[in-house]
Amino acid sequence: MTDGQPEPPTPTAVPTPRACIAGEDRPVSVAEDGLSGAVVWHREELRMRDHPAVTAATNAADVVLPLFVFDPGFYGDDGLACDARVRFLHECLFDLDDRYDTASGGDAGLTYAHGDPLPVLEALTDAGWTVFAAQTPTGRYGLARDRRAADLGVRFVSGDGLRRGVERTRDRWSDHVEAWFEDDQYDPSLGDTLLTGLDTGVTVADIETRYDTDPSKSQVPDGGTTAAREQLEAFIGRVTDYPGNISSPLDARDGCSGLSPYIRFGCLSTRQVYQYVQEHVESGRARDMFVSRLFWNRHYNQKLEDWPGWLDTAVNPELEGFNRDHHDPALVTAWKEGRTGYPMVDAAMRCLRETGWLNFRMRAMGASVYFHLLQQPWQVGADWYHHHLIDSDAAINYTQWQSQAGLVGKPTLRLYNPRKQVRDQDPEGEWVRRWVPELEGLPPEHLPQPEKTPPNVQAACGVSIGDGPDADYPRPVVEYEAAKERFWRRYEAVKPAAAARLADEEVAKRASLSQGVSGAKAIAEKHGTEADTEVQTDLTAF
């Protein structure tokens, strides 16, 4: 690690495009010799094909320099990225470097820089390079960074299927995204472009040493486009089993596509995946269900594109700070460590910490228990997920957390019953026992509520349930029915006012509902004046 003192970005000076390819150090004006040079600033879209910025750069310039800047904000204690996700990113960079090296005939790979990206970009533009980057959804930090980069002349290329530059992005949104999925992929002019690079002295190995990157998670996939393509091909071979394998955490590890980390880091575009699936999978339930997930990916990315505040501010102002005055660090710690007394929740949280992955149902259940039963501030939980999930996409993680918590103000709210999840998704307790081995001897009929296990059964199977230091497994940290009722009383008190706020045009836009602003205003009109009498108060359905 560093000593905490900021260091100047590397590099701070670069040669012109002409000097770069000639191996000369003397500055040569681009205007004088007519040679044009472009930089592709790779950030999250770590591929070459179907990449709007790579295509724009190779179409516009004679010489192209691919660049990745190691931003210290992604590393360290404040980076919200576990070492396993950092290592996955680095593997993606190795693969991308190899692809550029192959495309250049062995003459150029990725150029690495380190530090605040802005001075690096400024040095490039000052030397006559035009910098291109793919426009992607981002939070407040990224938005401010990109605005400053645009002031330096960086050209952000929109090409991810999201709607930008229109008053109401959700109008005809589905048609727009479907047309993008079906459209031709971006095809870079690599054959007509000279690829080049700079020797900056920055290497992935140095970055890992500098930031003490030492992953400890297990079952983490290899990063990169090569691994992504192999995973996609393997998934196609078992796609017919997809609908039946996505809910149970026992089946989902091998039953889901396994593509989410590759899509998150842009090793493959969602369009590449969509078109491959359309071409290689017969029409039917499995294909339709998986393709709907690709639309969901674009749906949640559109939300962050529409409003960067999803990462740190409640969408609905009436719900800002909900649960804040109930913050209990001991409850948060019990949830993080998998010691809540609810076996399905504890198994999920331990699996998350150990492997960096959970299927969607377990993610939603964990968030629901955290916010609705433990009644803790949402952002602490969202940050924990974002830190540990290898595939965490801020545009999906934080929007899902707010949606699951009920911070949008919609009338429907889904609360998960963690006891029922054991009965429905792990009736024999195989998954629970794998991650909560202290319950190994407990008969499966007692796993939904271990605290109800008769003392003689506990003695017979050698499992002690209780609050004392000698207990093998704790009693629930909150009593289920009482916690549920407390939450509903509090939420019902503010729900009509929250629904009414959706009539506000700006709040409606930031919510970015699939039904658009008109859908948000319809909710306000129907539910914003008096309490809804059709709310879910019984969790047994879930």
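The residue numbering used here restarts from 1 in each chain and proceeds along that chain's sequence as written. Local features in a predicted model are, by the rule used here, given only for residues with pLDDT of at least 70; side-chain atom pairs are given and counted only at 80 or more, and totals for whole chains, interfaces and linings are based on all residues. To get the side-chain values, all heavy atoms of the structure are used, and hydrogens and water are removed first.

Chemist: If you had to explain the packing of helix H17 (residues 360-373) against helix H18 (residues 378-388) to someone new, which residues and values would you point to?
Modeler: Helix axes use the C-alpha atoms of the stretch in contact, all axes being lines fitted to C-alpha atoms, and the angles between their N-to-C directions lie in the range 0 to 180 degrees. Helix numbering and strand numbering both begin at the N terminus, where a helix is a DSSP run of H or I of at least 4 residues and a strand a DSSP run of E of at least 2. Packing of H17 against H18 leaves a shortest axis separation of 10 Å and a crossing angle of 150°. Here H17 is positioned roughly antiparallel relative to H18, judged by the angle of their axes. Here the hand of the crossing between H17 and H18 comes out right-handed. Residue-level inspection shows Met362, Arg363, Gly366, Ala367, Tyr370 and Phe371 of H17 in contact with H18, the latter providing Trp378, Val380, Gly381 and Tyr385. In terms of residue class, the contact of H17 with H18 is made up of seven nonpolar, two polar and one charged. Every angle not falling under 35 degrees, over 145, or within 65 to 115 is termed oblique; those three ranges are roughly parallel, roughly antiparallel and roughly perpendicular. A crossing counts as left-handed when the near helix is turned anticlockwise from the far one by less than a right angle, and as right-handed when that turn is clockwise. The contact definition used throughout considers only heavy atoms, calling two residues in contact when any of these lie within 4.5 Å. Residues were grouped as follows: Ala, Val, Leu, Ile, Met, Phe, Trp, Tyr, Cys and Pro as nonpolar; Asp, Glu, Lys and Arg as charged; and all remaining residues, including Gly, as polar.

Chemist: Explain unusual backbone geometry to me, using residue names and the numbers behind them.
Modeler: Backbone geometry places arginine 172, a non-glycine residue, at a positive phi of 55°. Locating arginine 172 in the fold gives a position in the loop between strand S5 (155-157) and helix H7 (173-182). Of note, aspartate 212 is a non-glycine position whose phi angle comes to about 50°, a positive value. Following the sequence through the fold, aspartate 212 ends up in the loop between helix H8 (204-210) and helix H9 (225-237). Exposed residues in this analysis have more than 50% of their type's maximum accessible area, buried residues have under 20%, and partly exposed residues fall in between, with area computed by a 1.4 Å probe over protein chains only. Aspartate 212 sits in the partly exposed class, given a relative accessible area of 44%.

Chemist: Can you tell me about helix H6 (residues 140-151), naming the residues and giving the values?
Modeler: Side chains of residues three or four places apart in an α-helix project in the same direction, reflecting 3.6 residues per turn. Multiplying one less than the number of residues by 1.5 Å gives the expected span of a helix. Over its 12 residues, H6 runs 17 Å from end to end, which matches the ideal 16 Å to within 8%, given 1.5 Å per residue. For H6, the complete set of buried residues consists of Gly142, Arg145, Asp146 and Ala149. Taken around the axis of H6, the buried residues stretch over an arc of 95°, which confines them to a single face. Turned more than 90 degrees off the buried face of H6, the exposed positions are Arg147 and Asp151. Considering only its buried residues, H6 is in contact with strand S1 (37-42), helix H5 (117-126) and S5. Trailing H6 by a residue or two, glycine 153 shows a phi angle of about 105°, which is positive. The arc in question is traced by the directions running from the helix axis to the C-beta atoms.

Chemist: Describe the confidence of the model for the protein, naming the residues involved and giving the relevant values.
Modeler: For the protein, mean pLDDT is 92; residues scoring 70 or higher make up 94% of the total. Segment residues 24-32 is flagged for pLDDT under 50; beyond a separation of four residues in sequence, or across chains, it makes 11 contacts in the model. Long-range and interchain partners of residues 531-542, a stretch whose pLDDT sits below 50, account for 32 contacts in this model, where long-range means more than four residues apart. Residue-level confidence of the predictor is what pLDDT reports, using numbers from 0 through 100.

Chemist: Tell me about the nonpolar core, residues and numbers included.
Modeler: Nine residue types can take part in a nonpolar core, namely buried Ala, Val, Leu, Ile, Met, Phe, Trp, Tyr and Cys, and a core is a set of them joined through side-chain atoms within 4.5 Å. Counting residues in each nonpolar core, the largest one holds 72 residues, and the members touching the most others are Trp335, Trp431 and Leu439. It is H17 that provides the largest number of residues to this core, a total of eight residues. If we ignore the near neighbours within four places in the chain, the residues touching tryptophan 335 are Thr340, Val345, Met349, Gly366, Tyr370, Leu374, Gly381, Trp384, Tyr385 and Trp401. Core analysis: the second largest hydrophobic core is formed by 67 residues, Val54, Val157, Val273 and Phe290 among them.

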